[in-house]
Amino acid sequence: MKSLKLFAPLFLVLAACNPGPQTLNVSLVDGLGEPLQPQAAAWRIGPPPSTSGLPWNTLPTAQSSWSIAVPPGARFQVAFRCPDVGTTQFYVSLDLMRNELGSNLVVRCPSAYASPTATVQGGVNLSSGTAYSARGTGPVTNSMFGPMYSLIAPTGPGREVAALGVSGTGIPHFGRTGLVTIPPGGGSFNILAAGTGTLTVTAPHSSSYAGLVLRSSVPVDLATWGIGSQSVARPTNLVPGDLFQFWTCHGPPFARCCGILRKDALDPTVATGASLSLPVVPGLSLTVNQTHSANSLPTFSFSTTGSYSTGLNPLGHALFLAQPGVRYWRHFVSAGALGSAANYYVDVENASGFNAILPSPGSPVDLNATIFFGDKPLSALFAARPIPQETH
């Protein structure tokens, strides 16, 4: 993987035995899986650009889910302008094949959130450590989290606060509030932490990570280390829907190759006392070139060298373009949609409400590209709940 810095549908009448369009349920969510209403939304059938095929169709914006009819095996694109964060604009789009998906497509906005936040505080039986919410972290000092170090959390029902640290004897402890309601003005919540078990994780590469994502979308950092084995705290009070997440990476920051492994917390391979080996990630280099004009998004060309592991399939390319502090565009083109094409261009700027996606002429921009492989199909990945703070 390599990053470069710069960065009225028409259907023919067919024989009655041919299957008709298949309904695809598309939803727009934030990092917690909560629905968002876009500022602009559009979709189209066929390979881009729209100037050579069918036009972009606008979708209503006073809602967060849509049903679109896509013929079996057809290629299509969807695009959203997410809610602004302050004065900063965020756009997300996808180019996919209908047969790569099931009946649901969940699209995540990268930075906007549906729920407001409030400051929480409380006590926990740790001498030191870190408190976690779905939207932030804060230190535990003198058996307290907050109020000196504000911990923000989303308000409303179904929230949770967790803490990981050490007791007075230096033994790792973990605790959680369970699902609570956080009022608009914030609140105080006490956590009873219990000693953890351990899980031995062996990583083949120089940069590795282990963490939890609780069912309430609270991420908890467990360990970071280099190559080799690491004893990782394994809380005992986990419930269905909690996930372990592991990373192991190698290569320089601008060309990093990473493997990501997620396991349900009740999977026996991550039980207390278990040993887990993370897979070797082969070196794979992605070279990306681009050309552009002031009136269009870039045209990309991709080439890869190296190989990837047996059991992993190419999923697609993620593209990221940013005029920092002003506008950000994130796009995914699946392996099926890209095929063997030497060049790639998608004209999101031609959809209604998306003309502001183009960077200001002469402004510096960042451009990054990443290629993804996986052992699960896109139908599973794009129907799953989002992982907070993950890179997309």
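A brief structural summary. This one's a predicted model, so the numbers in the text were calculated from it and none came from an experiment.

Rules of the game
Residues numbered from 1 in each chain as written. Predicted model: local features only at pLDDT ≥ 70, side-chain atom pairs only at ≥ 80, totals over all residues. Heavy atoms only, no water. Helix = DSSP H or I, 4+ residues; strand = E, 2+ residues; numbered from the N terminus. Rg over C-alpha atoms; globule rule 2.2 N^0.38 Å. Buried < 20%, exposed > 50% of the residue type's maximum accessible area, 1.4 Å probe, protein only. Areas by Shrake-Rupley, 256 points an atom, 1.4 Å probe, with all protein chains shown as cover. Lys, Arg positive; Asp, Glu negative; His and termini not counted. Charge placed at Lys NZ, Arg CZ, Asp CG, Glu CD. Disulfide = S-S within 2.5 Å. Phe/Tyr/Trp six-rings, centres within 6.5 Å; stacked < 30°, edge-to-face > 60°. Lys NZ or Arg CZ within 6 Å of the ring centre and 35° of its normal. Polar contact = N/O pair within 3.5 Å; in protein donor to acceptor, adjacent residues only side chain to side chain. Contact = heavy atoms within 4.5 Å. Pairing = 2+ DSSP bridges. Axes fitted to C-alpha atoms, helices over the stretch in contact; angles between N-to-C directions. Salt bridge = Lys/Arg side-chain N within 4 Å of Asp/Glu carboxyl O.

### Regarding the overall build of the protein chain
- Helix and strand content of the protein chain: two helices and 31 strands.
- Computed over C-alpha atoms, the radius of gyration of the protein chain comes to 23 Å, within 12% of the 21 Å expected from 2.2 N^0.38 for 392 residues, which places it in the range of a compact globule.
- Every one of the 392 residues in the protein chain was classed for burial, and the buried ones make up 48%.
- Accessible surface, the protein chain: about 17100 Å² in total, of which carbon and sulfur atoms supply 56%.
- Side chains of the protein chain give 19 positive and 15 negative charges; the mean places of these two sets differ by 2 Å.

### A closer look at the environment of Asn368
- Of note, Asn368 is situated in strand β31 (residues 366-374).
- Linking Asn368 and Phe302, residues 66 residues apart in sequence, is a C-alpha distance of 12 Å.

### What about the state of the cysteines?
- As enumerated under the stated definition, the model contains two disulfides in all.
- One disulfide in the model links Cys82 with Cys109; its S-S distance is 2.1 Å. Residues Cys82 and Cys109 share a disulfide whose torsion about the S-S bond is about -95°; that sign makes it left-handed. Within this pair, whereas Cys82 is found in the loop between β5 (75-81) and β6 (89-97), its partner Cys109 is found in the loop between β7 (104-108) and β8 (117-123), the two being separated by 27 residues in sequence.

### Brief notes about the packing of aromatic side chains
- Within this structure, the stated rule accounts for seven aromatic pairs.
- Between Tyr91 and Phe354 the ring centres are 6.0 Å apart and the planes differ by 50°, which places this aromatic pair in the tilted class. Separated by 263 residues along the polypeptide, Tyr91 in strand β6 and Phe354 in the loop between β30 (343-344) and β31 bring together distant segments of the chain.
- The exposure class of Tyr91 is buried, given its relative accessible area of 1%.
- Residues Phe300 and Phe302 carry aromatic rings whose centres are separated by 6.2 Å and whose planes lie at 5° to one another, so their mutual orientation is stacked.
- It is Arg135 that lies over the ring of Tyr113; its NZ or CZ is 3.8 Å from the centre.

### Thoughts on the side chain of Gln323
- Structurally, Gln323 can be placed in strand β28 (residues 313-323).
- Within the local environment of Gln323, its side chain forms a polar contact with the side chain of Arg327, the two groups lying 2.9 Å apart.
- Not counting residues within four places of it along the chain, the set of residues in contact with Gln323 comprises Pro359, Ser360, Ser363, Pro364 and Val365.

### Notes on the environment of Tyr132
- You can see Tyr132 is positioned in strand β9 (residues 128-132).
- Separated by 88 residues in the primary sequence, Tyr132 and Val220 have C-alpha atoms spaced 6.5 Å apart.
- What Tyr132 contacts, discounting residues up to four positions off in sequence, is Thr137, Glu160, Val161, Ala162, Leu164, Val218, Pro219, Val220 and Asp221.

### Quick notes on the sheet that holds strand β21 (residues 219-225)
- Taken in spatial order, the four strands line up as β21-β20-β23-β24 in an open sheet, and their pairing is antiparallel. Looking at the sheet topology across the chains shown, the edges are occupied by β21 and β24 (257-264). Taken over all neighbouring pairs, the strand axes of this sheet differ in orientation by 15° on average, direction set aside.
- In this sheet, strand β23 (residues 243-250) lies alongside strand β20 (residues 207-213) in antiparallel orientation, the contact comprising seven bridges. Within the sheet, the bridge partner assigned to Ala210 lies in β23 and is Phe246.

### Some details on the side chain of Ser301
- Looking at the secondary structure, you find Ser301 in strand β27 (residues 299-306).
- A relative accessible area of 18% places Ser301 in the buried class.
- Excluding anything up to four places from it in sequence, Ser301 contacts Thr287, Val288, Asn289, Ala342 and Asn343.

### Things to note about the pairing of strand β29 (residues 327-334)
- The element β29 is extensively covered by neighbouring structure, given that seven of its eight residues are classed as buried.
- The pairing of β6 with β29 spans seven bridges and is classified as parallel. Residue pairing across strands places Asp95 opposite Val333, the latter belonging to β29.
- Linking β28 to β29, which pair antiparallel, is a turn of three residues; within it Gly325 sits at a positive phi near 80°.

### A look at the pattern of salt bridges
- Scanning the entire structure with this criterion turns up six salt bridges.
- A salt bridge links Arg75 to Asp95, with the shortest nitrogen-to-oxygen separation between them at 2.7 Å. Note that Arg75 is positioned in strand β5 and Asp95 in strand β6, a separation of 20 residues in sequence. Across this residue pair, the class does not change: Arg75 and Asp95 are buried.
- In this structure, Asp375 and Lys376 form a salt bridge, with 3.9 Å as the shortest nitrogen-oxygen distance.
- A relative accessible area of 54% places Asp375 in the exposed class.
- Each of Glu160, Arg176 and Asp242 takes part in a single network of salt bridges with overlapping partners.

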